[in-house]
Amino acid sequence: MTISRLPNRVDQVRTHDVVVVGSGVAGLTVALETPGLEVAVLTPARLGEGGSSPMAQGGVAAAVGPGDSPASHAADTLAAADGHADPTRVRTLTEEGPARVAALLAIGARFDRDRRGGLALGREAAHSHPRILHANGDATGAEIVRALRAKVLAADHVRGYEETTAQEIVVSQGRAVGVLALDGRGAFVLHLARAVALATGGIGQLYRYTTNPRGNVGDGLAMAARIGARLEDLEFVQFHPTALAVGADPMPLLTEALRGAGARLLDEVGRPLMRGRHPAGDLAPRDVVARALWHRLAGGGGVRLDARSVDRDLETAFPTAVRHCRAHGFDLSREPVPVTPAAHYHMGGIAVDGDGRTTVPGLWACGEVSAVGVHGANRLASNSLLDGLVFGARVGRDLVRATPEAPPIKVDVASRRLQFTARLSSDEELAVLARVRGIMWDRVGLVRDADGLHEARAALTEVAAGLPAGLSPSRRFVDVARLITDAALARRVSRGAHFRRDGLPDGQVRETGRR
Ligand code: FAD
Ligand code: SIN
């Protein structure tokens, strides 16, 4: 094992009103909604790059269409969540959604339009109305991030720190007072602030097969857990049914909007996979469809997505999907293409209230790293971008209210010793991550049981025991994998995306009420 010793001192100290960690849709929204404060955004790549947001395809859901209403959107969200979402927070999400769409339009986001110039609205699984706004066909996230980033770059109150990765949240007298970060030159910079907002995204890369980009390994969760913030619902990991089965990392996503436009899932002999499995067929909730694929693939069959029946020009409506297929030698307009489920989204996260406040004073969280209670056990398609926009804005507004009242920061920087005593080489980090990803996919994946979860627990404990002492990236992701496994062990019954084959039968006896 190669161990590089790291200095145990802080190289530089900077002071701000607020430190935002992450520059996806949630982090950028927080930054924009904090005028009057001096805000630093820490991000490992360039501002707006990295993370899932720029990869988002299908769109953003909001009740803006004729005949639609926030109440209908809320009802669909609650139904998909399998009884585990918080109705009050869902109401906030769906009622404030249209205003966030208006705010995006106001800053120049260009959503696709219909022939009469109105917003073109698509349909996705488990939505009872067409309510999915999209941009450039299936490249919605990139357009939203483009618009937010341009506005953030023009905002005087925000300063971006690129190539900067947060390592730990600094706490003083029980309050979050900043973030210790490693910058691109290898310097440890202490960003002190009266408030910290985590917007570090999801955990998909903890699984062997995922649609998530590199870096989505749950850093925010690990940092928050370390300072005692309450985490919630960690067992609920969503697997998207239709990643292109080509062994790429991340796996190319074939948007659910394809099925919304008429594409069908077929088994290995060309029979409709979802026939007789759910009244909504191919547009059944994501967990139901993903499990149907899993069972077929685990039984030695194959599943293909057939987009030949989509009555729109695929090149125009789904350019990202067409490009992904072409890159791997498939012609989506002429042939069914092989698909597989892949880890896609984390419903669980840091427990927050409706303004994104965590259980640690001075610490806020929003976006995928948080669990605000709107997704329950299974997120409704296209509700995640909306979550980042709605609750990111609420965090920003709350920070404007709360930050002036925050106590002055008291940290004895000179005596602060870093706990980063050692770290692995990047090759070794990758090897540890590969092992964790295998364990999580095989034992803590779409279908779980107590034996497998205990085996995963033991294997992850062994991995942890082999890590050098002190904090390190690998320590963070192994911690998160263990927390997810423990949560999956603790919930003995199936619910939404958490399916226990040794628990009560799926679809028969279910838990009721949010716990
Ligand atoms: P992210 O966008 O993931 O951003 C996290 C940020 O935190 C990044 O900048 C990252 O680099 C940074 N970060 C991470 N760790 C650190 C650290 N230690 N220090 C500093 N910064 C850090 N949802 C929808 O609603 N509609 C869709 O159509 C849709 N399509 C999707 C397609 C794909 C392929 C994927 C992967 C996801 C899709 N999702 C979709 C889900 C959605 O994109 C995400 O849930 C959402 O964008 C998360 O936003 P976020 O701001 O919370 O996190
Ligand atoms: C997709 O486009 O299928 C992904 C949508 C989502 O994750 O909400």
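Each remark here, short or long, concerns the structure printed above.
All of these numbers come straight from a predicted model, not from anything done at the bench.

Q: Tell me about the site of ligand 1, and please be specific about residues and values.
A: In the vicinity of ligand 1, 37 residues are found, and the nearest of them are Ser53, Gly59, Asp219, Glu368 and Ser384. Contact between ligand 1 and Ser52: an oxygen atom at 2.8 Å from a main-chain N or O atom of the residue. Within the side chain of Ser384, a nitrogen or oxygen atom sits 2.5 Å from an oxygen atom of ligand 1. Within the complex, 97% of the 1000 Å² of free accessible area of ligand 1 lies under protein. Broken down by secondary-structure element, the contributors of at least two residues to the shell around ligand 1 are α1 (25-32), β8 (165-172), β15 (337-346) and α10 (383-402). The element that contributes the greatest number of residues to the shell around ligand 1 is α10, accounting for 3 residues.

Q: Just give me the short version of the sheet that holds β15, but keep the residues and values in it.
A: Ordered by their spatial adjacency, 4 strands build an open sheet running β12-β15-β14-β13, and the pairing between neighbours is antiparallel. With partners counted over all chains shown, the strands left at the sheet margins are β12 (237-244) and β13 (264-267), one partner each. Between one strand axis and the next, the sheet turns by 50 degrees as a mean value, whatever way the strands run. Sheet topology places strand β14 (residues 303-306) next to β15; 2 bridges connect them, and they run antiparallel. Residue pairing across strands places Arg304 opposite Pro338, the latter belonging to β15.

Q: Describe the sheet that holds strand β18 (residues 370-371), naming the residues involved and giving the relevant values.
A: The mixed open sheet is built from 3 strands, whose spatial order is β11-β16-β18. The open sheet has two edge strands, β11 (231-232) and β18, and neither has a second partner. The pairing of β11 with strand β16 (residues 349-351) spans 2 bridges and is antiparallel. In the strand pairing of β16, Glu232 is matched with Gly349. Along the sheet face, helix α5 (residues 219-226) touches β11 and β16 and points at about 40 degrees away from the line of β16.

Q: Go over unusual backbone geometry, please, and point to the residues and values.
A: Here Asp249 and Pro250 are connected by a cis peptide whose omega angle stands at -5 degrees. Position of Pro250 relative to the elements: it lies in the loop between β12 and α6 (257-260). One non-glycine residue, Asn136, adopts positive backbone phi at about 45 degrees. Inspection of the secondary structure puts Asn136 in the loop between β6 (132-133) and α4 (140-154). Its relative accessible area of 47% is what places Asn136 among the partly exposed residues. The backbone phi angle of Asp233 is positive, close to 60 degrees, even though this residue is not glycine. Summarising the element assignment, Asp233 is placed in the loop between β11 and β12. Asp233 sits in the buried class, given a relative accessible area of 9%.

Q: So what's going on with the nonpolar core? Which residues, and what values?
A: If you look at the biggest cluster of nonpolar residues, it comprises 107 residues, and the most contacted ones within it are Leu198, Leu206, Tyr207, Leu363, Leu399, Val436 and Ile484. The contacts of Leu198, once residues within four sequence positions are left out, are Val21, Ile169, Gly220, Met223, Ala224, Ile350, Leu363, Trp364, Ala365, Cys366 and Val369. Counting 27 residues, the second-largest nonpolar core is a separate cluster that includes Leu258, Ala261, Cys325 and Val339.

Q: Could you give me a rundown of the packing of helix α12 (residues 450-465) against helix α13 (residues 473-490), with the residues and numbers involved?
A: It is the contact of α12 with α13, at a shortest axis distance of 10 Å, that shows an interaxial angle of 160 degrees. As judged from the angle between their axes, α12 and α13 are roughly antiparallel. Between α12 and α13 the crossing geometry is left-handed. Each of Ala450, Leu453, His454, Ala456, Arg457, Leu460, Thr461, Val463 and Ala464 in α12 lies in contact with α13, whose residues at this interface are Arg475, Val478, Ala481, Arg482, Thr485, Asp486, Ala488 and Leu489. By residue class, the composition of the contact of α12 with α13 is 10 nonpolar, 3 polar and 4 charged.

Thresholds, definitions, all that
- Residues numbered from 1 in each chain as written.
- Chains lettered and ligands numbered in written order.
- Predicted model: local features only at pLDDT ≥ 70, side-chain atom pairs only at ≥ 80, totals over all residues.
- Heavy atoms only, no water.
- Near = heavy atom within 4 Å.
- Polar contact = N/O pair within 3.5 Å; in protein donor to acceptor, adjacent residues only side chain to side chain.
- Areas by Shrake-Rupley, 256 points an atom, 1.4 Å probe, with all protein chains shown as cover.
- Helix = DSSP H or I, 4+ residues; strand = E, 2+ residues; numbered from the N terminus.
- Pairing = 2+ DSSP bridges.
- Axes fitted to C-alpha atoms, helices over the stretch in contact; angles between N-to-C directions.
- Contact = heavy atoms within 4.5 Å.
- Buried < 20%, exposed > 50% of the residue type's maximum accessible area, 1.4 Å probe, protein only.
- Core = buried A, V, L, I, M, F, W, Y, C linked by side-chain atoms within 4.5 Å.
- Parallel < 35°, antiparallel > 145°, perpendicular 65-115°, else oblique.
- Left-handed = near helix turned anticlockwise from the far one by under 90°.
- Nonpolar A, V, L, I, M, F, W, Y, C, P; charged D, E, K, R; others polar.

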